Each structure stands twice: as structure tokens, then as C-alpha cells.
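Observations on the model geometry
In case you want the letters, here they are:
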Amino acid sequence: MRTDFEASYYTRLDEGKVRCELCPHFCVIAEGKIGICGVRRNQAGRLMLPYYGMISSIAMDPIEKKPLYHFFPGSVIMSVGFVGCPFRCPFCQNYSISIEFASLVSSLSFFEPQELVDRAIALGSMGIAYTYSEPLIHAEFITEAARLARKRGLKNVLVTNGYINPAPAEDILEHMDAANIDLKSFNADFYSSFIRGKIEPVKAFILQAAKKIHVEVTTLLIPGKNDSDEEIRDIAKWVAAIRDDIPLHLTAYYPRYHYTQPPTPPSRVLAAVDIAKKYLRHVYPGNI
Ligand code: SF4
């Protein structure tokens, strides 16, 4: 782990505490402690980034796997993963890098932002996708990597849960070209009770991003939790009110982490797609 990268987006408080202002959790962190996301630590009264540039995986993926269906279709993009997440989804599909990543720390690889860009060019990639785990909690690193990548003619893609405050979001979006953003539910209680977040900042980020870059939205359908006809209608109507050509991906959940319910039946995903298509021009099933 690194000890020499200081965070942006924080305020020093009394008694050596700091308040991180990157995401809507606004963690107040005592000396020696780490925020909810697991990657931003108070070291001697300064907010530091022990996981700056620490990459959990790099792979060349079809852009459709992000999923982005309306952004350079048919292309392949270098995709990089980090560790940590501000949410605690009991059904997390990537929990080993997002929540319980302690056993992985010794296997992470350090990249300077420029090294990541050089790797993308060497691989012949059209850009860099910041994905697999939640990239926004690594705002400082991805902003710098994306700035350098754009200078070399590469595209930058975010795959994110959208949990970020408006000011840092603006700094990141400045360098991005496209994003797939999760809207995990249209129910505030789902966010607050089930995954320990808030829905309004996510909706605000989708609106903010859609004004600046290409955006597609994904909802992972969890049987009995967020897949009612009414909730699908609410999601589709809300996205359509931004623009009815924003693609919506409705994807099947598979049992992972603490959640053992059976996977979403393909028939349920396809029925949800039919509902959403009444409001949106591009709705796609996923994971079936
Ligand atoms: S980014 Fe991490 S440390 Fe900062 S407020 Fe969010 S969860 Fe807390």
C-alpha cells in the first residue's frame, strides 16, 4: 500500500479527524481509520490514498461487456479494476474486489497514471474503462489517468454506481467520454436499508453525466426486491424524462456474497424489457 498520495476533496476537523467530501457518505474519519469505501485513510490528520494506482485487474473487453451498446460498438477496450466500494450490497456480484478485498492486497499491481495510458496504447486499445470495482472512490487517480489518456487520443469510460458529490463529479466528467451508471432501484428504502446509500445523489449524478457525456443506465433485477412492474415503469419513465434515447440495460442477478435467492428468471428480465420499451427507445436484457 502507498503512503504518499494525499486525497483531494476533504476538510480537516478538530482532534485530528478529517471529513471526506468525495461521496455522499461524508465520512468523518479519526486518525488511523479508513472510510466506508475502504480506500481513503486518515494518516496523522491528513486524508491519504493508500490504494492510489493499485490495480486489481486489467483485461481487454468488448465495449458491449461494460455494458455500452451505443458507444463505439464492436470495439475492444482496456478495462481496469481497483478495490473498494461505498455501498454494501448483500448481493454484490464483485464482492472479492469491492468489499472483502483484504486478502487481495498483496497481489495488487501499482501503476502510475501514465503507465496505464502506455499500457492501453501498447495493447492497441481505443481507450480505458474504469470498471470491475467502483472507480469513483479513486477519483484522483482516474482523473489524472483520463486526462493523460485523452491527450493521447484515447477514450475514457466509467462503469459506476454513481455515488459521488457534484463537485468531484464535475472534475471527473470533464475527462470522460462515456459512462454506464447503475440505478439499482427506484425505491429510496432499497438504497438506504439494503445497500446503505441514498438514491437521490445517484439520480443527480445520472442527470449531471447525461448533460456532458454519453450515458447508459443499468439496473440489476433482483427477484422480489426491485423487479416489480411498477418499479420498472418508474425507472424507465424517469430515464425517458432525461432523454428517451438513453439505453437502459435490465440484467439478471445471480446469487453471490450474502444473497442466496435463485437467479432472476430470463422470462422476468424479458418481461421487464417489454415494460421499459413503452417509454425508452433502447432497452436491452443482460446476463441471460
Ligand atoms: S469516498 Fe469513501 S471515505 Fe469518502 S465519504 Fe465516500 S465512503 Fe467515505
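Keep in mind that what you see is a predicted model, and the values were worked out from it rather than measured. (Residues numbered from 1 in each chain as written. Predicted model: local features only at pLDDT ≥ 70, side-chain atom pairs only at ≥ 80, totals over all residues. Heavy atoms only, no water.)

1. Focus on the side chain of Arg-40
Put simply, the rule reads: Working definition: helices are DSSP H or I runs of at least four residues, strands are E runs of at least two. Numbering for both runs from the N terminus. We define a polar contact as two N or O atoms separated by no more than 3.5 Å, with the added condition that, inside protein, one atom must be a possible hydrogen donor and the other a possible acceptor, whereas residues neighbouring each other in sequence contribute only through side-chain atom pairs.
Examined against the element boundaries, Arg-40 turns out to sit in the loop between strand S3 (28-29) and strand S4 (41-43). In terms of polar contacts, Arg-40 uses its side chain to reach the backbone carbonyl oxygen of Ser-8, at 3.3 Å.

2. So, the sheet that holds strand S1 (residues 10-12)
Formally: Being paired, for any two strands, means DSSP has found at least two bridges between them.
Read from one edge of the open sheet, three strands run S1-S2-S3, paired in antiparallel fashion. Because the sheet does not close on itself, it has two edges, and the strands there are S1 and S3. Pairing of S1 with strand S2 (residues 18-20) involves three bridges; the strand directions are antiparallel. Bridged to Tyr-10 within S2 is Cys-20.

3. Digging into unusual backbone geometry
Let me state the cut-off plainly: Between buried and exposed lies partly exposed: a residue is buried under 20% and exposed over 50% of the maximum accessible area for its type, with that area taken using a 1.4 Å probe on protein chains only.
Across the junction of Lys-66 and Pro-67, the peptide omega takes the value -5°, indicating a cis bond. Looking at where Pro-67 falls in the secondary structure, it is placed in the loop between strand S7 (57-62) and strand S8 (76-81). We note that Glu-15 has phi near 60°; this positive angle belongs to a residue other than glycine. Relative to the helices and strands, Glu-15 resides in the loop between S1 and S2. Note on Glu-15: relative accessible area 72%, which makes it exposed.

4. Some thoughts on the sheet that holds strand S11 (residues 155-160)
Here is the rule we go by: As a rule, the C-alpha atoms of each element are fitted with a line to give its axis, helices using only the stretch in contact, and angles between N-to-C directions run from 0 to 180 degrees. Contacts: residue pairs with any heavy atoms within 4.5 Å of one another.
Taken together, the eight strands give an open sheet; going across it, the order is S7-S8-S10-S11-S12-S13-S14-S15, and neighbouring strands pair in mixed fashion. Two strands bound the open sheet, and with one partner strand each, they are S7 and strand S15 (283-286). Each strand of the sheet is rotated relative to its neighbour by a mean of 20°, with strand direction disregarded. Here strand S14 (residues 248-252) runs beside S15; their pairing, made up of four bridges, is parallel. Counterpart to His-249 in the pairing with S15 is Tyr-284. Packing of helix H6 (residues 199-210) onto the sheet brings it into contact with S11, strand S12 (178-182) and strand S13 (214-221), and relative to S12 it is tilted by some 160°. In this fold helix H8 (residues 266-276) packs onto S13, S14 and S15, with an angle of close to 170° to the strand it touches most, S15.

5. A few points about the nonpolar core
Within soluble globular proteins, side chains that are nonpolar generally end up buried alongside one another. This is how the line gets drawn: Definition of nonpolar core: a set of buried residues of the types Ala, Val, Leu, Ile, Met, Phe, Trp, Tyr and Cys, connected through side-chain atoms within 4.5 Å. Just so you know, the domain bounds were taken from an automatic or database domain assignment.
Counting residues in hydrophobic clusters, the biggest one holds 81 residues, and the most contacted among them are Phe-91, Ile-128 and Tyr-130. The two domains that each donate at least three residues to this core are domain 1 (10-48) and domain 2 (54-286). When residues no more than four places from it in sequence are discounted, the contact partners of Ile-128 are Ile-77, Met-78, Val-80, Leu-116, Val-117, Ala-120, Ala-149, Leu-154, Lys-155, Asn-156 and Val-157.

6. Regarding the site of the ligand
Definition in use: We call a residue near a molecule or strand when any one of its heavy atoms sits within 4 Å of it. In the scheme used here, Gly and all other residues not listed as nonpolar or charged are polar, with Ala, Val, Leu, Ile, Met, Phe, Trp, Tyr, Cys and Pro taken as nonpolar and Asp, Glu, Lys and Arg as charged.
Every residue near the ligand is listed here: Cys-20, Leu-22, Cys-23, His-25, Phe-26, Cys-27, Gly-35, Ile-36, Cys-37, Arg-40 and Ile-137. Of the residues in the shell around the ligand, the class split is eight nonpolar, two polar and one charged.

7. Digging into the UniProt feature "domain: Radical SAM core" (unreviewed entry) in the chain
The following threshold applies: UniProt positions are given in the numbering used here, feature names are shortened, and annotations may be inferred rather than shown by experiment.
Mapped onto the present numbering, the UniProt feature "domain: Radical SAM core" (unreviewed entry) falls at residues 70-287. In residues 70-287, helix accounts for 36% and strand for 19%; the two terminal C-alpha atoms are 18 Å from one another.

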